[in-house]
Amino acid sequence: MQSLDKIRRRIRSIKVTAKITGAMKLVATAKMKQLTNNFKKTTTYINDFYNIMGELFLNVDEKKINKKITTTKSLWIVITSSLGLCGGYNTAICKETMAKMNKDDDLIIIGKKGYSYFKSRKIIKNIINQYDFGDQVIDHYYFLPLTESIMQMYEENKYANINLCYTTFVNSLVFNPRIIRLLPLDKKLFHPDDSNHKFTSLTKDNKEIIYEASREEIIKSISPLYITTLIYGAYSESRLCEFASRRNAMENATDNANELIEQLTLEYNVVRQQNITQEINEIVGGSSAGE
């Protein structure tokens, strides 16, 4: 059994850890509230854009907007965090990506942790670029260079398809990895027959929308903004998942620390009581021997 001094040191050390994880939980909770408000605003904008693209895709021949593909190589854009202590948030999306990608596919990593994950698995040669925005507040303009780069590589026929890998927010406890195809433009993303996404080519006055240019030309012209919007929306949602996961991890760590403190306190009292009992026995034994 441990000595009293050793138990006291462990208790003090764990109490310090509990204070740190408790503080980190509060910070993550505050950040999560801020990101939730931002995500709601972003979602409203993305849904409006989504509805516009969905309406444009009605009765459009995908062959007219997507070029002929002559390669089989794919590019995967993976959104991870730059900070740790967020549970299995990074591992989940990285594992999902590795399960889907081929050996010769390339990667673009957003966040330091994703870079470290793939580097540790000896596939750093597949990483062609990395972006790290840290903890700064960004908008969709930050992703314009990325969009320009991937669209150029796609037009140069370097990749058959370009995929976006991110984490979706279900609730504060559940986050699911998701992979969508950015290029070629995927008509299935819009599900025009789904009850949640009913697109129509009519205005609010039930008048048909007339386009001065063809739908195909409009889709091609706004595709860069559409792709940038998808990446920004995925990044915003992933950030929310990151801090929600960090909050849960810090809450669990604090609870575990407090539970361990209770166990050590009980052990401390047991050892202390045994020492007192032993001292009493020694005093009584010494008194009896002197009589």
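Structural notes, computed from the coordinates. (Residues numbered from 1 in each chain as written. Predicted model: local features only at pLDDT ≥ 70, side-chain atom pairs only at ≥ 80, totals over all residues. Heavy atoms only, no water.)

## Looking at the layout of surface pockets
Space inside the second largest pocket adds up to approximately 190 Å³. Around the second largest pocket, the lining residues are Ile65, Asn66, Lys67, Met151, Tyr154, Glu155, Leu183, Pro184, Leu185, Lys220 and Ser223. Where the lining of the second largest pocket is concerned, the elements lending two or more residues are helix 5 (144–155) and helix 6 (215–290). The dominant element in the lining of the second largest pocket, judged by the number of residues it contributes, is helix 5, at three residues. Taken together, the residues that form the lining of the second largest pocket break down as six nonpolar, two polar and three charged. (1 Å grid on protein atoms, 1.4 Å probe; cavity = no way out; pocket = protein on both sides within 12 Å on 5 of 7 lines; lining within 4 Å. Points joined across faces, edges and corners; volume = space filled by probe spheres on them. Helix = DSSP H or I, 4+ residues; strand = E, 2+ residues; numbered from the N terminus. Nonpolar A, V, L, I, M, F, W, Y, C, P; charged D, E, K, R; others polar.)

## Brief notes about empty space enclosed by the protein
Counting across every chain of the model gives two cavities of 30 Å³ or more. In this model, the largest cavity occupies a volume close to 70 Å³. Along the lines of polarity and charge, the residues of the lining of the largest cavity split into four nonpolar, five polar and three charged. The calculated volume of the second largest cavity comes to roughly 30 Å³. Surrounding the second largest cavity, Ile46, Phe49, Tyr50, Tyr226, Thr229 and Leu230 form its lining.

## Looking at the side chain of serine 74
Positionally, serine 74 belongs in strand 1 (residues 74–79). A relative accessible area of 6% places serine 74 in the buried class. Within the local environment of serine 74, its side chain forms a polar contact with the side chain of asparagine 161, the two groups lying 2.9 Å apart. If near-sequence neighbours (up to four positions away) are discounted, serine 74 is found in contact with Asp105, Asp106, Tyr159, Asn161 and Asn163. (Buried < 20%, exposed > 50% of the residue type's maximum accessible area, 1.4 Å probe, protein only. Polar contact = N/O pair within 3.5 Å; in protein donor to acceptor, adjacent residues only side chain to side chain. Contact = heavy atoms within 4.5 Å.)

Any functional reading would require information beyond the geometric quantities listed.
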